[in-house]
Amino acid sequence: MIAAPDRTPLTREFFDRPVLDVAPDLLGRVLVRSTPDGPIELRLTEVEAYDGENDPGSHAYRGRTARNSVMFAQPGHVYVYFTYGMWHCMNLVCGEEGRASAVLLRAGEITEGAELARARRLSARNDKELAKGPARLATALDVDRALNGTDACAPTGTPLTVLHGTPTPTEQVLNGPRTGVSGAGGVHPWRFWIANDPTVSPYRPHTPRRRA
């Protein structure tokens, strides 16, 4: 008999570690999004690590700005950014306060509230595609910039919480280059995913955008 996932919320201490320790350890954890229409739950299957000033691929590589300021907050806060003028992406801040690092949530399996996610992801061909990619994940969970700065470790009333879930055994965790990251930041093998999980997004190398 398979044990049910542990529903104990992750503490701030979980996130108060180096980003390369936190990122793979998030696989199998359960993200809960509380909405007025009911909860949506997602089992994390793919993430990417970003290491602040040590990482040319990070939004915080050149220091603090109005856009990335949440990355310098206490570990366990949510950093949401807007990209390409149309999509939101969600990150979980980790490491010591004042030193920016975060984990991008790239993909997951909707385990509760699928009907709510389907209503937001009408183009998904099946439930495996509901949160298959970081923008799709944020859309399915109704995450936008209004949730930027949310404390996922707050004891009560937070719209986003991460539960202990069922951690993924080390032998089932794979890693490789991050998707779509250009230049020096693209060489880091800091994308982590669960082997053979159908909700993991396909890898795509960086492709320079053509100017009209």
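The preceding data block contains the structure.
About the thresholds
- Residues numbered from 1 in each chain as written.
- Predicted model: local features only at pLDDT ≥ 70, side-chain atom pairs only at ≥ 80, totals over all residues.
- Heavy atoms only, no water.
- Core = buried A, V, L, I, M, F, W, Y, C linked by side-chain atoms within 4.5 Å.
- Buried < 20%, exposed > 50% of the residue type's maximum accessible area, 1.4 Å probe, protein only.
- Helix = DSSP H or I, 4+ residues; strand = E, 2+ residues; numbered from the N terminus.
- Contact = heavy atoms within 4.5 Å.
- Salt bridge = Lys/Arg side-chain N within 4 Å of Asp/Glu carboxyl O.

Draft legend 1. Seen up close, the nonpolar core. The biggest cluster of nonpolar side chains holds 42 residues, and the ones touching the most others in it are Phe15, Leu26, Leu92, Val103, Leu105 and Ile110. Looking at this core element by element, the count peaks at five residues for strand β3 (residues 38-50). The contact partners of Val103, leaving out residues within four places of it in the chain, are Val19, Val22, Ala23, Leu26, Val47, Glu48, Met90, Asn91, Leu92 and Cys94. Listed in part, the 13 residues of the second largest apolar core include Tyr79, Tyr81, Ala102 and Leu104.

Draft legend 2. The arrangement of unusual backbone geometry in detail. Look at Asp142: it is not a glycine, yet its phi comes out positive at around 60°. What makes Asp142 partly exposed here is its relative accessible area of 26%. Phi is positive for Asn196, which is not a glycine, with a value near 65°. Assignment of secondary structure puts Asn196 in the segment after β9 (191-194).

Draft legend 3. How the structure looks around the pattern of salt bridges. Scanning all chains against the criterion turns up 15 salt bridges. Arg43 is paired through a salt bridge with Asp197; the nearest N and O atoms lie 2.6 Å apart. Highlighted residues: Arg43 in strand β3 and Asp197 in the segment after β9, separated in sequence by 154 residues. The exposure class of Asp197 is buried, given its relative accessible area of 14%. The closest approach of N and O atoms between Asp127 and Arg118, which form a salt bridge, is 2.8 Å. Take Asp127: its relative accessible area is 37%, and that puts it in the partly exposed class. Residues joined in a network through salt bridges with shared partners are Glu46, Glu48, Arg106 and Arg191.

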